Amino acid sequence: MAEIIAKPVKITETVLRDGHQSLIATRMTTEQMLPILSKMDEVGYHSVECWGGATFDACLRFLGEDPWDRLRKIRGGFKKTKLQMLFRAQNILGYRHYADDVVTYFVEKSLDNGIDIIRIFDALNDLRNLETAVKATKKYNGNVQTAISYTLGEPYTIEYFTGLAKSMEDMGADSICIKDMAGLLIPYEAEKLVRALKETVSIPIQLHTHYTSGVASMSCLKAIEAGCDIVDTAMSPFALGTSQPSTEVLNKTLKGSPFDPGLNEELLLDIADYFRPIREEALKSGLLNPKVLGVDINTLKYQVPGGMLSNLVSQLKDQNQEDKFYDVLREIPQVREDMGMPPLVTPSSQIVGTQAVMNVLFGERYKVATKETKALLHGDYGQTVRPFNKEVQKKVLGPDAEPITCRPADLIENEIPKLREEIKEYMTQDEDVLTYALFPQVALDFFKERQAGFPKKKAEEAKKAEEAKKAAEPKKEEKPQIKLVPLPAPFLNSYPGVVAEDAVPYIDPAPKAGDVIEGEAGCNGKTLKYRIDCLG
C-alpha cells in the first residue's frame, strides 16, 4: 500500500447551493439563509458554495428573488470565509453557449458582487469551452478552479484525466476539482485517481461527489488518504441521498487524525439545528421527496446517473411504455457511443437518455431526433472524446449538413449591446443585462413584477403569514354536545352516557339524536328497566 501523507483536509460547505439544489430543487430562500451566516463564518471552512448552478434560475423563476441581491446579502454575512460558485463554462448558468462578451461580463460582475472562487466546468470536458471564463476570472483577480467532469467508459482512463488536469494547470487553474455529479467514483478508484493527479500537477485537488450510489463518504475518505486537499460536504439536514456527504460526520470521523479539518464542532451542531426545521418543513410540504434520500444502487449497476434513470422512467410512464425500460437501458450505451462517448452529466445525460427513449419507442434508431441531439451532433456543444458516428450524424442532420469543428462560441457575435437596448426600460442595475441574457422570458417577467412592487410575491407572503397565524392559534376545546332526554328527575344521573339539561356528559361521544338506550339501573333501592329515546 502506498504511503499516506498526513495533512489537514479543507472543507467546502455546499448547504447554501448544491445541498438544497440536490434535495429540494434549490428552493431555500435568501431569508432562510441569512440568520445563520455569521455562525457559518466562524466554523473554519475553506469556502462556502452559495451561488451558481441552478440557484440563479430558481431565484427568478420560483422565489421571486434577484439572484444578484442574494449574492450581495450572503457576502455581507461572511466576513472571513471565501464564497464559491459553480459556472458552466461557455454555458455560464444557462442552457446554451453564450458570446464571449457575456461570459466575461458575468465573471466580472460575479467577482464584483462577492464571489472569490469560480468553479468552471464543461459537460464534454472540451477545454476550449473553458478558455474565456478562465481568462476573465484571472483578469478580474478571482480564484480559478477548473473541474473535470468524471464519468465511466473505455476512453476515460487515468491517463485521460491526468492529461486534462495538466492542460488545466497550463491554462492557469489555481486548483482542480474532480466533479462526480453521478456518484460513480467508487472508493479505491478515488484513491488511484487522486494519487495520479497529485503526481501530475502541483496545484490543489478537490473532490465533489454525490451520495446517490451510497459510496461518497468512503470515496472521500480514500481520496483524503491519497492526498486530496479539499472535499465538498453538506450540513446533515441537507446531506446524503442525491446530495453530498455530511459535514459533521466527516469532521468527526477525521478528528484527532492527521487529516483533521479542525472545524468548530459546537458551531456545526448549532448550524445543523438551524437547518433541521427547514428540512422538516420541506418533508411536510412534499418539496423534499423521501425517494431522493435513499441509495440508488442502479447508479452503479447501469453506470447511469440517478437523475437520468428517473427521467427515463418518467418519459416511459408518460407514454404508457414502462415495459420498455430495460430496452432503453440497453440502448443508452449505443447512443452514447454514436454521440462520441460524452460524460453523462447535464446536459449530455438528458440528450443521450431522451434519444435512447425515442429510438426504442419509434422502433427505428434516429427516426426522430430531438433538437438537442441535432445540436450535439452538429458540434454546437463542443468536441467529444471520440468522433461522432458518421452514419448517424448524416441521418440526423441530413447529407448536406456541415457540422462545425471550431470552438462553438467563435460563431457567436457579441450580445451585450443588443441586450442592453432590448431591456433599457426595465434596467435598475448593470447586472440586469446578464440576467436577461441567460433567461430572457423569465427575466422579463421578473423585471415587470419588480417594477410593479412585487404584488404577486407580497400576496403569497401575506397568505402564508395568515396560514401560519391560524396554525399558531390555540385550538378551542370542543365540548361534547349536550343531548336532551325525557327522564324523571331522580333518574337523571344514574346512567353514564345519558345526558340531561343539568348534567355534564359522562362519555365521549355523547348519545346522538335518534339513539335508543335500553337497560336496567338502580334507583331508590329499586331496579328499574328503562328505554330512552334520545331527542335532538
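Brief notes about the overall build of the protein chain
- A count of helical and extended segments in the protein chain gives 22 helices and ten strands.
- By residue count, 52% of the 536 residues in the protein chain fall in the buried class.
- In the protein chain, once contacts between residues fewer than 6 apart in sequence are set aside, the share between residues at least 24 apart is 71%.
- Here the protein chain displays about 25200 Å² of accessible surface, and carbon together with sulfur accounts for 52% of that area.

Section: the state of the cysteines
- Within the structure shown, the criterion is met by zero disulfides.
- Cysteine Cys177 shares no disulfide, and the gap to the nearest cysteine sulfur, in Cys228, comes to 8.5 Å.
- Looking at the unpaired Cys228, the closest cysteine sulfur is the one in Cys220, lying at 7.5 Å.

As for the nonpolar core
- Ranked by internal contacts, the top residues of the largest apolar core, which has 102 residues, are Leu16, Met40, Phe87, Phe106 and Phe275.
- Tallying contributions element by element places helix 12 (residues 265-285) first for this core, with seven residues.
- Discounting chain neighbours no more than four positions away, the residues touching Leu16 are Met33, Leu37, Met40, Val48, Glu49, Cys50, Phe78 and Phe275.
- Core analysis: the next-biggest nonpolar cluster, separate from the first, contains 27 residues, Val357, Val360, Ala375 and Leu377 among them.

Focus: unusual backbone geometry
- Look at Ile92: it is not a glycine, yet its phi comes out positive at around 55 degrees.
- Looking at the element boundaries, Ile92 is found in the loop between strand 3 (82-87) and helix 6 (100-112).
- On the accessibility criterion, Ile92 (0% relative accessible area) is buried.
- Backbone geometry places Met341, a non-glycine residue, at a positive phi of 60 degrees.
- Along the chain, Met341 turns up in the loop between helix 15 (325-338) and helix 16 (348-361).
- Look at Met341 and you get buried, because its relative accessible area is 6%.

Here we look at the sheet that holds strand 4 (residues 117-121)
- In space, the eight strands of this closed barrel follow the order 1-2-3-4-5-6-7-8, with parallel pairing throughout. Taking each pair of neighbouring strands and ignoring which way they run, the sheet shows an average axis angle of 30 degrees.
- Judged from the four bridges that link them, strand 3 and strand 4 form a sheet pairing that is parallel. Bridging across to strand 4, Met85 finds its partner in Ile118.

A word on the packing of aromatic side chains
- Tallying each qualifying case throughout the model produces 18 aromatic pairs.
- Measuring from ring centre to ring centre gives 5.1 Å for Trp68 and Phe106, while their planes differ by 50 degrees; the resulting arrangement is tilted. Note that Trp68 is positioned in helix 5 (residues 67-77) and Phe106 in helix 6, a separation of 38 residues in sequence.
- Assessed through its relative accessible area of 0%, Trp68 is described here as buried.
- Since its relative accessible area comes to 0%, Phe106 is described here as buried.
- Pairwise contacts between aromatic rings join Trp51, Phe56, Trp68, Phe87, Tyr95, Phe106 and Phe439 into one cluster.
- The ring of Phe62 carries Arg27 above its face, with NZ or CZ at 3.7 Å from the centroid.
- One Lys or Arg, Lys457, reaches over the ring of Phe454 and ends 5.9 Å from the middle of that ring.

Concerning the environment of Tyr274
- Looking at the secondary structure, you find Tyr274 in helix 12.
- Counting along the chain gives 241 residues from Tyr274 to Met33, while the straight-line C-alpha distance between them is 9.6 Å.
- Discounting chain neighbours no more than four positions away, the residues touching Tyr274 are Glu31, Gln32, Met33, Pro35 and Ile36.

With respect to helix 22 (residues 455-472)
- Over its 18 residues, helix 22 extends 26 Å from the first C-alpha to the last, a length consistent with the 26 Å expected when each residue adds 1.5 Å.
- Within helix 22, only zero of the 18 residues are buried, which leaves the element largely exposed.

Thoughts on the confidence of the model for the protein chain
- Averaged over all residues, the pLDDT of the protein chain equals 89, while 88% of them reach at least 70.
- Across residues 479-508, where pLDDT falls below 50, the model places 50 contacts with residues more than four positions away in sequence or in other chains.

Some words on the side chain of Lys179
- Following the sequence through the fold, Lys179 ends up in strand 6 (residues 175-180).
- This buried residue, Lys179, is left without a salt bridge; Asp18 holds the nearest opposite charge, at 5.6 Å.
- Residue contacts for Lys179: discarding those within four places in its chain leaves Leu86, Phe121, Ala147, Ile148, Ser149, Tyr150 and His208.

Observations concerning the pattern of salt bridges
- Under the definition given, this model contains 38 salt bridges.
- Across the pair Asp430 and Lys109 runs a salt bridge whose closest N-O atoms are separated by 3.8 Å. Taken as a pair, Asp430 in the loop between helix 19 (416-422) and helix 20 (432-438) and Lys109 in helix 6 lie far apart in primary sequence, 321 residues in all.
- Taking relative accessible area as the criterion, Asp430 reaches 41% and is therefore assigned partly exposed.
- Where Glu331 meets Arg365, a salt bridge forms, and the shortest distance between an N and an O atom there is 2.8 Å. With Glu331 in helix 15 and Arg365 in the loop between helix 16 and helix 17 (371-378), this pair connects stretches of sequence that are 34 residues apart.

Here we look at the packing of helix 14 (residues 306-318) against helix 15
- It is at 10 Å that the axes of helix 14 and helix 15 come closest, and there the two elements cross at 135 degrees. Of the possible angle classes, the one that applies to helix 14 and helix 15 is oblique. For the pair helix 14 and helix 15, the sense of crossing is right-handed. Across the interface between the two elements, Met308, Leu309, Leu312, Val313 and Leu316 from helix 14 touch Phe325, Val328, Leu329 and Ile332 from helix 15.

Rules of the game
Residues numbered from 1 in each chain as written. Predicted model: local features only at pLDDT ≥ 70, side-chain atom pairs only at ≥ 80, totals over all residues. Heavy atoms only, no water. Helix = DSSP H or I, 4+ residues; strand = E, 2+ residues; numbered from the N terminus. Buried < 20%, exposed > 50% of the residue type's maximum accessible area, 1.4 Å probe, protein only. Contact = heavy atoms within 4.5 Å. Areas by Shrake-Rupley, 256 points an atom, 1.4 Å probe, with all protein chains shown as cover. Disulfide = S-S within 2.5 Å. Core = buried A, V, L, I, M, F, W, Y, C linked by side-chain atoms within 4.5 Å. Pairing = 2+ DSSP bridges. Axes fitted to C-alpha atoms, helices over the stretch in contact; angles between N-to-C directions. Phe/Tyr/Trp six-rings, centres within 6.5 Å; stacked < 30°, edge-to-face > 60°. Lys NZ or Arg CZ within 6 Å of the ring centre and 35° of its normal. Expected span 1.5 Å × (residues − 1). pLDDT = per-residue confidence, 0-100. Lys, Arg positive; Asp, Glu negative; His and termini not counted. Salt bridge = Lys/Arg side-chain N within 4 Å of Asp/Glu carboxyl O. Parallel < 35°, antiparallel > 145°, perpendicular 65-115°, else oblique. Left-handed = near helix turned anticlockwise from the far one by under 90°.

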